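Chain by chain, the residues run as shown.
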Amino acid sequence: MTTPSLSFSKATTGTQAPPSYRGSVPDLPSVHPLGDQLPGVYADDDFAQRFVEGLDVVLAPLFNVLDCLDAYFMPSLAPEDFVDWLATWVGAELEGTEALPVRRYAVATAVGLHRLRGTSQGLRGALQLAFGVTPEITESGGATWSARPLGGFPGSPRPGLHVTLRVSDPATVDTHRVRAVVAAARPAHLPFTVEVTGPAAAPPPHAPASPPAPSAPEGI
């Protein structure tokens, strides 16, 4: 199986990155030349052969895409602009400015994250995908068990969710983006707060243990 080999040409308009458009590949041969499909009377007709060669140039990229069409639906092999289309197809929550490897991974894992939506595991995975760090999640819910009846209820009676994102430079993280990711992946109707802060302070080093007192010589 061949991998997608279409070229991409980009127009420059404004400051935003423009979409890419598929174009013909120079000197790409057609796997199904039209000249071979013509009736025998045109086999030696120079004009007819040259005429259909112009159509071969147009059809060759199409045949190339169809020969490896399955690769276009594999996030690891699909062309960059097709990865962005797949992201909308599977509902991957991307901002659009992520690096290509991140977008490929988001498409590949989107279905798994949809299954976990509304759970702490799903929220943690969504934030890790968007910001590359593991968040700290504090929620009001809880679970416990007791061998005796009438035990206390776990968790807090007031529902709530707090997410702390610790990054090396909080100024580089868009808080609105964090809130949007949490709002999409949290349990439905659960109020939440977010905090973007620096790394946790390292615990102070332990003081060295004092050396043991020398023992008295024997016989004293």
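Being a predicted model, the structure only gives us computed values, none of them experimental. (Residues numbered from 1 in each chain as written. Predicted model: local features only at pLDDT ≥ 70, side-chain atom pairs only at ≥ 80, totals over all residues. Heavy atoms only, no water.)

### What to know about a nonpolar patch on the surface
Inference 1: Together, Leu66, Leu69, Phe73, Trp85 and Trp89 line one region of the surface with nonpolar side chains, adding up to about 560 Å² of accessible area.
Inference 2: On the secondary structure map, Phe73 appears in the loop between helix H2 (69-72) and helix H3 (80-90). (Patch = residues over 30% accessible without salt bridge, like charges linked within 9 Å, V, L, I, M, F, W, Y side chains within 5 Å. Areas by Shrake-Rupley, 256 points an atom, 1.4 Å probe, with all protein chains shown as cover. Salt bridge = Lys/Arg side-chain N within 4 Å of Asp/Glu carboxyl O. Helix = DSSP H or I, 4+ residues; strand = E, 2+ residues; numbered from the N terminus.)

### Some points on helix H4 (residues 100-115)
Along an α-helix, a turn takes 3.6 residues, which lines up residues three or four apart on a common side.
Inference 1: The terminal C-alpha atoms of H4, which comprises 16 residues, lie 24 Å apart, in line with the 22 Å expected from a rise of 1.5 Å per residue.
Inference 2: In H4, a bend of some 50° at Thr109 exceeds every other bend along the element.
Inference 3: Turning to H4, its buried residues are Arg103, Ala106, Val107 and Ala110.
Inference 4: Considering only its buried residues, H4 is in contact with H3 and helix H5 (120-131). (Expected span 1.5 Å × (residues − 1). Bend = angle between axes of the 7 residues up to and from the residue. Buried < 20%, exposed > 50% of the residue type's maximum accessible area, 1.4 Å probe, protein only. Contact = heavy atoms within 4.5 Å.)

### Some words on the sheet that holds strand S4 (residues 161-166)
Inference 1: As summarised here, the arrangement of the three strands in space is S3-S4-S5, forming an open sheet in which the pairing is mixed. Each edge of the open sheet carries a strand with a single partner, namely strand S3 (136-139) and strand S5 (192-197). In this sheet, neighbouring strand axes are inclined to one another by 15° on average, regardless of whether the strands run parallel or antiparallel.
Inference 2: The pairing of S3 with S4 spans four bridges and is classified as antiparallel. Counterpart to Thr138 in the pairing with S4 is His162.
Inference 3: The strands that helix H6 (residues 175-185) touches are S4 and S5; relative to S5, the one it contacts most, it runs at about 140°. (Pairing = 2+ DSSP bridges. Axes fitted to C-alpha atoms, helices over the stretch in contact; angles between N-to-C directions.)

### Side note on the nonpolar core
Inference 1: Among the nonpolar cores identified, the biggest contains 16 residues, and Leu123, Leu127, Leu161, Val163, Val178, Val182 and Val194 are the most heavily contacted of them.
Inference 2: Among the elements of the structure, H5, S4, H6 and S5 are those that each provide at least two residues to this core.
Inference 3: With four residues, H6 is the single largest residue contributor to this core.
Inference 4: Each residue touching Leu127, except ones within four places of it in the same chain, is listed here: Gly132, Val133, Pro135, Val163, Val178, Val181 and Val182.
Inference 5: Of all hydrophobic cores here, the second largest spans 14 residues; its members include Cys68, Ala71, Ala92 and Ala110. (Core = buried A, V, L, I, M, F, W, Y, C linked by side-chain atoms within 4.5 Å.)

### Section: the pattern of salt bridges
Side-chain pairs of opposite charge can arise where the charged atoms are in close proximity.
Inference 1: Under the criterion given, the structure shown has five salt bridges.
Inference 2: As a salt-bridge pair, Asp84 and Arg103 come within 2.7 Å of each other at their nearest N and O atoms. With Asp84 in helix H3 and Arg103 in helix H4, this residue pair connects regions lying 19 residues apart in the sequence.
Inference 3: Owing to a relative accessible area of 32%, Asp84 belongs among the partly exposed residues under this scheme.
Inference 4: Accessibility expressed as a relative area gives 8% for Arg103, which makes it buried.
Inference 5: The partner of Arg177 in a salt bridge is Glu98, and the shortest N-O contact between them spans 3.6 Å. Taken together, the residues span a long stretch of sequence, with Arg177 in helix H6 and Glu98 in the loop between H3 and H4 at a distance of 79 residues.

### Quick notes on the environment of Ala106
Inference 1: Of note, Ala106 is situated in helix H4.
Inference 2: By relative accessible area, Ala106 is classed as buried at 2%.
Inference 3: Separated by 19 residues in sequence, Ala106 and Ala87 place their C-alpha atoms 7.5 Å apart.
Inference 4: In contact with Ala106, other than residues within four places in its own chain, are Ala92, Leu94 and Leu129.

It is worth stressing that arrangement in space is one thing and function is another; only the former is reported here.
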